[in-house]
Amino acid sequence: NKLNKAWSQKKFRDKDKVKKPYHLPLTKKAKEELRKLSAFKDLSESDILEELIHQMFLKEMCDKDGNLKY
C-alpha cells in the first residue's frame, strides 16, 4: 500500500501539477518580517509573496484601468 501511494505521488509530481520549490536569498530581517506577516494574515509565506508581487505589478506596470502601460 505504501509503495502504491509513493508511486502515485511520484507520478503526480512528475506531471508538474505541484508548484516548483524556490529559494529566495532574503536577509534575516526580511525573512522574519515575512514570517510575521504570514502568521498575521494566516497565509503561507509563498502566498504572501505572490500577493505582494501581484500588487506591485498592478501598481507599477498597469494603469488605473488595469491595462499594461508598457
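All residue numbers refer to position in the chain's written sequence, counted from 1. Only residues with pLDDT of at least 70 get local features here, since the model is predicted, and only at 80 or more are side-chain atom pairs given and counted; chain-wide, interface and lining totals rely on the full set of residues. The side-chain values count all of the structure's non-hydrogen atoms but skip hydrogen atoms and water molecules.

A. Spotlight on helix α2 (residues 28-41). Compared with the 20 Å implied by 1.5 Å per residue over 14 residues, the 20 Å span of α2 between its first and last C-alpha is a close match. Working definition: helices are DSSP H or I runs of at least four residues, strands are E runs of at least two. Numbering for both runs from the N terminus. After α2 finishes, the residue D42 shows a positive phi value of roughly 60°. Under the convention used throughout, the expected extent of a helix is 1.5 Å for every residue step, that is, one less than its residue count.

B. Quick peek at the confidence of the model for the protein chain. pLDDT expresses, on a scale from 0 to 100, how confident the predictor is about each individual residue. Residues of the protein chain with pLDDT of at least 70 account for 91%, and the chain-wide mean is 86. Across the protein chain, element-level confidence peaks in α2 with a mean pLDDT of 93 and bottoms out in helix α1 (residues 2-14) with 88.

C. Structural detail: unusual backbone geometry. You will see that D42, though not glycine, has its phi angle at about 60°, which is positive. With respect to the element layout, D42 can be found in the loop between α2 and α3 (45-61).

D. Structural detail: the side chain of S38. Structurally, S38 can be placed in helix α2. Contacts were defined at the residue level, with two residues in contact if any of their heavy atoms lie within 4.5 Å. Apart from residues no more than four positions distant in its own chain, S38 is found in contact with L43, S44, E45 and I48.

E. Just the packing of α2 against α3, in detail. To obtain an axis, a line is fitted to C-alpha atoms, over the contacting stretch when the element is a helix, and the angle between two such axes runs from 0 to 180 degrees between their N-to-C directions. Packing of α2 against α3 brings their axes to within 9 Å, and their N-to-C directions diverge by 95°. Looking at the two axes, α2 sits roughly perpendicular to α3. Facing α2, whose interface residues are K31, L34, R35, L37, S38 and K41, α3 presents E45, I48, L49 and E51. Working definition: roughly parallel below 35 degrees, roughly antiparallel above 145 degrees, roughly perpendicular at 65 to 115 degrees, and oblique for all remaining angles.

F. Quick look at a nonpolar patch on the surface. Only residues whose relative accessible area exceeds 30% and that form no salt bridge are eligible for patches; like-charged ones are grouped when within 9 Å, while nonpolar side chains (Val, Leu, Ile, Met, Phe, Trp, Tyr) are grouped when within 5 Å. Accessible surface is estimated by sampling points in the Shrake-Rupley manner with a 1.4 Å probe; for residues, cover comes only from the protein chains shown. One side-chain nitrogen of Lys or Arg within 4 Å of one carboxyl oxygen of Asp or Glu is enough to make a salt bridge. A cluster of nonpolar residues, Y22, L24 and L26, forms a patch on the protein surface that exposes about 300 Å² of accessible area. Relative to the elements of secondary structure, L26 occurs in the loop between α1 and α2. When accessible area is computed with a 1.4 Å probe and restricted to protein chains, residues below 20% of their type maximum are described as buried, those above 50% as exposed, and intermediate ones as partly exposed. Given the relative accessible area of 39%, L26 is considered partly exposed.

G. Representation of the pattern of salt bridges. One pass over the structure, following the stated rule, counts three salt bridges. Of the charged contacts in the structure, one is a salt bridge between R35 and E32, with a shortest N-O distance of 2.4 Å. Taken as a pair, R35 and E32 lie in helix α2 at a separation of three residues, close to a single helical turn. Under the relative-accessibility criterion, R35 is labelled partly exposed at 41%.

H. Highlighting the environment of S44. On the secondary structure map, S44 appears in the loop between α2 and α3. The partly exposed category is assigned to S44, whose relative accessible area is 33%. Sequence separation of S44 and K28 is 16 residues, and the distance between their C-alpha atoms is 18 Å.

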